[in-house]
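Residue-level structural notes
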Amino acid sequence: MKGSAVKPVSVRLGGLAVLVAVAIAFPQVFTNPAVTNYGVFALIFVTVASAWNIFSGHTGYISLGHAVFFGSGAYAMGIAAKDWNINGTTVFALLPLCAAVGAAIAVPFGLIALRVRRHTFIVITIAVFFIFQLMAFNFSFTGGSSGLSSPFLSWPSSGYNTPFYYIALGYAAGTVTIAWLIRRSRFGLRLRAIRDDEDRARGLGVKAMRVKLTAFVLSGAITAMIGAVWFYYINQVEPQTGFDPLFDLTVVLMAFLGGYGTVAGPVLGALVIEPLTLWLNTQSQFSGGYLSEILLGAVFLVVVLFVPRGVIPTGGEWLTWLRTRGRPAVLPAGPPAAAPDAPAAPTATDTAVGSGGAR
Amino acid sequence: MARQIYEAVVDGILVGGVYALMAVGLTLIFGVLDIINIAQGVLVILGAYLSYSLSTRAHIDLFVGLLITIPAMFAIGVVIHWAFIRRLRGTERTSMTLLVTYAVALIVEGILYKLYGANNVQLSASYTTGSLHLPGFYLPYIYLYGFLLAIVLVVAIYLLLYRSRFGRSVRATMQDETAARLIGIDVNRVAALTFGIGVAVTAVGGMVYGATNAFNANSGYDLISRLLAIVILGGLGSIGGALAASVFMITLESVVTIWYPTWAIVVFYAALVLVLLIRPNGFFGRKAVRAQ
Amino acid sequence: MTALLRTAGVRKAYGGVQALDGATIEVAEGTVAGLIGPNGSGKTTLFNVITGYERADAGDVYFADRPITNSPPDKVFAAGIGRTFQLTRIFPRLTVLENMLVAAQHKRGNHRRRAHELLAFVGLGRHASLLAGSLSYGQRKLLELAYVLIADPAVILLDEPAGGVNPTLINHIAGRIRELNDQGTTFLIVEHNMEFVMGLCATVTVLESGAVVASGPPDIVRTDKRVLDAYLGADLADDEEGDADGAESREGDDEHASE
């Protein structure tokens, strides 16, 4: 893997500002609810994918059970609102409760699941997911197979989407910011070290379980909150929508498509995949589920097998390659010329037992 | 009550034997290729549907139909390996292949859904409804036949692994892929064939499952949940472990179903969690293969 | 001179193989000590036991006269014993600088300046923002040494620092070891490269089948019959040590091909 060329900071900040401006202006420009609906869902999933990536992208432990948090947040919101008879906008005060629910689930979940090796971890997340789906179907307080519905908010129907859009935007922006901050922090460094070589990181003093669990709980809490928002947006939750087997694979696809482990990757992935998924669901031949499954599976295979590092990183590399037509001299990160006192780059003469990069 | 438990235990052992066959396929795939094949569940359903089509369209007997479905599933397994799994390399291979097989499972499920619709079906033949009348309870013939067939195949796999040249290559690859390559074993071929075998057993599992349960394209999830729990409990890569865990867990579920039919499947998850808390490598782990 | 690091009768078995059979070594403070022996003699296992990556079946490990037997690796590292691995272990997706920071993260404070200093010291100064995965094999060895240093260990265990590396780099590494030793760091080095060991180490301990067969200054050890036995097998031990020098490792490897 080559080090990547760094764009000047001013360009990146400028691009970010434009993006934010566009995001804020979006529902003002496109007032058609059908369009803003795409916006809301896209932003919800930007949040979900970024939250997922905060844990899975950094630690390398791929979770296929985040639907547990999403659905739990949705159900928690529904149950609390119904039991405590909360209507109107005060319902949003319940969001911290949903985050707490997500965190409370994540702790025992993580303590069990994070002790095992990576592939077993994935299996456990799948198992826990099915447990929760089963519980949602069978407990009476979750409404059984008909699920729960939310009281309607008394907003005018023409502007219904807009507040949700901005709420989702707030969450998306917040989550991405948290992800960015983590990446630059010591905590993030520990997470990434765990991903590369957990044993060695432990040997150097990194408290692996504590670090992993913290990221897991954070990721779960955020996902639960946005699940609650989602519930209120579509006004209902059922076991198969709150705990949807396709949910996690879709999120994984988003992260991989955009660039697994990067901050911008899940954002890009969600912005591409979610509107596409939504659109497919409106096309009548795709509803009834099975074609979207096949498509999801197929696209996933294509991405994982051919673009495993994600579109952003791979695209970036292609662009760089195109610019330089494969000549390494232009890349600042290429093997530097050996200085007289630094025998650090005699790669050609190394009688290396193992090769430098690939394994 | 005692009669119910007795019946549940016997049923559990018999059905457990069939699950053992499917679990052995799954654990073999992990042992040789380091892959957790999430698609195993839905492939069982595919096998069931194949038997269904052969039975309803071509009027071929369920057991006779296996002569077609077993090679067919074997071929499908080899194709899946060749198309999707072969190209994955690197340190996170197991996690990646898990995602890939998950995606394959979704695709197969979608295709089955499209071809067969959402309605539940069940395989039937003259013997699927009949039971053997034993003192105290009835033993469905299909359970018995399925169990016997499963035992035969498990023994066949065992013989293949321990008495044939191919089997030696497989075991060598399981223990040390690099060393196997060094002594001239075509590891890719071994991998492809092993994957094929691992999937081929789902033909039998599918037929028996389909004859004893109503199923549709969605039924794969329950199956893979059980199979994953079984192979992890028995230790990924351990054949003997898969066998023991299958019989034990299915019997346990069978007994629990008497009192809690909807929640019985939770025993799998509970057992999984418990075992992983105590022994993260399952009970047998991969060492068992070396010892055999 | 006091023994800063010592083991007493360490035993460790894997299945039927007795990897360590009463290994007793002493490393005096401020020395560069070598640990040699044929393949399979237990050198890396001993390192693993000392640094907590393996548990000893019996015996003890003492650091500054305090027992640290079976302490976990992070405690051993925090106590002041650093260690590199035969198969270099770095964090490939982190930058070179970040690799350094991970090793320093258990201590408070900003370590960037020290990290850069150490990188410059080993010769990787200009590569601080490169991804560690893009480094060559030799560069990785230097990085591993550097990040072990950032914790200011009193003792450093080096597992084959010269393995698979070209002569220029070997001299560079040897030079860095000498400099660090001058500043007071104690070293225990496992190596097959006899020139490297004999030229650098004040004392050499020879391990064979998990136990010490000889220990002392390099000149004495290299002519000790038991050592030659260990490496070459009894029949060849009568050859003069002169031509066994360079050929020693190779023939030793042939004789004891299993690991």
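Described below are features of the structure shown in this document. (Residues numbered from 1 in each chain as written. Chains lettered and ligands numbered in written order. Predicted model: local features only at pLDDT ≥ 70, side-chain atom pairs only at ≥ 80, totals over all residues. Heavy atoms only, no water.)

Of regular secondary structure, chain A possesses 13 helices and 2 strands. By residue count, 55% of the 359 residues in chain A fall in the buried class. Within chain A, counting contacts between residues at least 6 apart in sequence, those at least 24 apart form 79% of the total. When the accessible surface of chain A is summed, it comes to about 15500 Å², and 67% of that surface belongs to carbon and sulfur atoms. (Helix = DSSP H or I, 4+ residues; strand = E, 2+ residues; numbered from the N terminus. Buried < 20%, exposed > 50% of the residue type's maximum accessible area, 1.4 Å probe, protein only. Contact = heavy atoms within 4.5 Å. Areas by Shrake-Rupley, 256 points an atom, 1.4 Å probe, with all protein chains shown as cover.)

Moving on, we get to the interface of chain B and chain A. Counting from both sides, the interface comprises 41 residues of chain B and, opposite them, 39 residues of chain A. Summed over both sides, the interface of chain B with chain A buries roughly 3700 Å², with 80% coming from carbon and sulfur. Connecting chain B to chain A are 0 salt bridges. Our count for the chain B to chain A interface comes out at 1 residue pair in polar contact (both at pLDDT 80 or more). Of all the secondary-structure elements, those providing two or more residues to the side of chain B that touches chain A are helix 3 (62–85), helix 4 (93–116), helix 9 (220–234) and helix 11 (266–278) of chain B. Among the elements that line the side of chain B that touches chain A, the one with the most residues is helix 4 of chain B, at 16 residues. (Buried area = accessible area lost by both parts, 1.4 Å probe. Salt bridge = Lys/Arg side-chain N within 4 Å of Asp/Glu carboxyl O. Polar contact = N/O pair within 3.5 Å; in protein donor to acceptor, adjacent residues only side chain to side chain.)

Glancing now at helix 4 (residues 95–113) of chain A. Residue and element names in this part refer to chain A. Here helix 4 is 19 residues long and its end C-alpha atoms lie 26 Å apart, about the 27 Å a rise of 1.5 Å per residue gives. In the structure, helix 4 departs most strongly from a straight axis at Ala 106, where the bend amounts to approximately 25° and where the proline Pro 108 lies between one and four residues downstream. At its buried positions, helix 4 is contacted by helix 3 (67–83), helix 5 (118–138), helix 6 (161–184) and helix 8 (208–234). (Expected span 1.5 Å × (residues − 1). Bend = angle between axes of the 7 residues up to and from the residue.)

Across all of its chains, the model carries 12 cavities of 30 Å³ or more by this definition. Quantified by volume, the largest cavity comes out at close to 130 Å³. Lining of the largest cavity is provided by Ile 126 and Phe 130 of chain A together with Ile 38, Gly 41, Val 42, Tyr 102, Ala 105, Leu 106, Glu 109, Gly 220, Tyr 221 and Ile 224 of chain B. Taken together, the elements giving at least two residues each to the lining of the largest cavity come down to helix 5 of chain A together with helix 2 (40–57), helix 4 and helix 9 of chain B. Ranked by residues supplied to the lining of the largest cavity, first place goes to helix 4 of chain B with 4 residues. In the lining of the largest cavity, the residues fall into 9 nonpolar, 2 polar and 1 charged. (1 Å grid on protein atoms, 1.4 Å probe; cavity = no way out; pocket = protein on both sides within 12 Å on 5 of 7 lines; lining within 4 Å. Points joined across faces, edges and corners; volume = space filled by probe spheres on them. Nonpolar A, V, L, I, M, F, W, Y, C, P; charged D, E, K, R; others polar.)

Let us now look at the pairing of strand 8 (residues 155–159) of chain C. Residue and element names in this part refer to chain C. Counting buried positions along strand 8 yields 5 of 5 residues, so the element is predominantly enclosed. Burial along strand 8 is two-sided: Val 155, Leu 157 and Asp 159 and Ile 156 and Leu 158, pointing in opposite directions, are all buried. Two elements, strand 7 (residues 81–83) and strand 8, share 3 bridges in a ladder whose sense is parallel. Residue pairing for strand 8: Ile 81 is matched across the bridge by Val 155. (Pairing = 2+ DSSP bridges.)

On to the packing of aromatic side chains, then. On inspection of all chains with the given rule, the structure shows 34 aromatic pairs over all chains. Taking the centre distance of 5.5 Å and the plane angle of 15° together, the rings of Phe 139 of chain A and Phe 141 of chain A count as stacked. For Phe 139 of chain A, a relative accessible area of 29% translates into the label partly exposed. Judged by its relative accessible area of 49%, Phe 141 of chain A is partly exposed. Seen in terms of ring centroids, Phe 256 of chain A and Tyr 260 of chain A are 4.9 Å apart; in terms of plane orientation they differ by 10°. Their pairing is stacked. As far as burial versus exposure is concerned, Phe 256 of chain A and Tyr 260 of chain A are alike and both buried. The structure contains a cluster of three or more aromatic residues connected by ring pairs, namely Phe 55, Tyr 61, Phe 69, Phe 109, Phe 121 and Phe 216 of chain A. Positioned above the aromatic ring of Tyr 62 of chain C is the side chain of Arg 6 of chain C, whose terminal nitrogen or guanidinium carbon lies 4.3 Å from the ring centre. (Phe/Tyr/Trp six-rings, centres within 6.5 Å; stacked < 30°, edge-to-face > 60°. Lys NZ or Arg CZ within 6 Å of the ring centre and 35° of its normal.)

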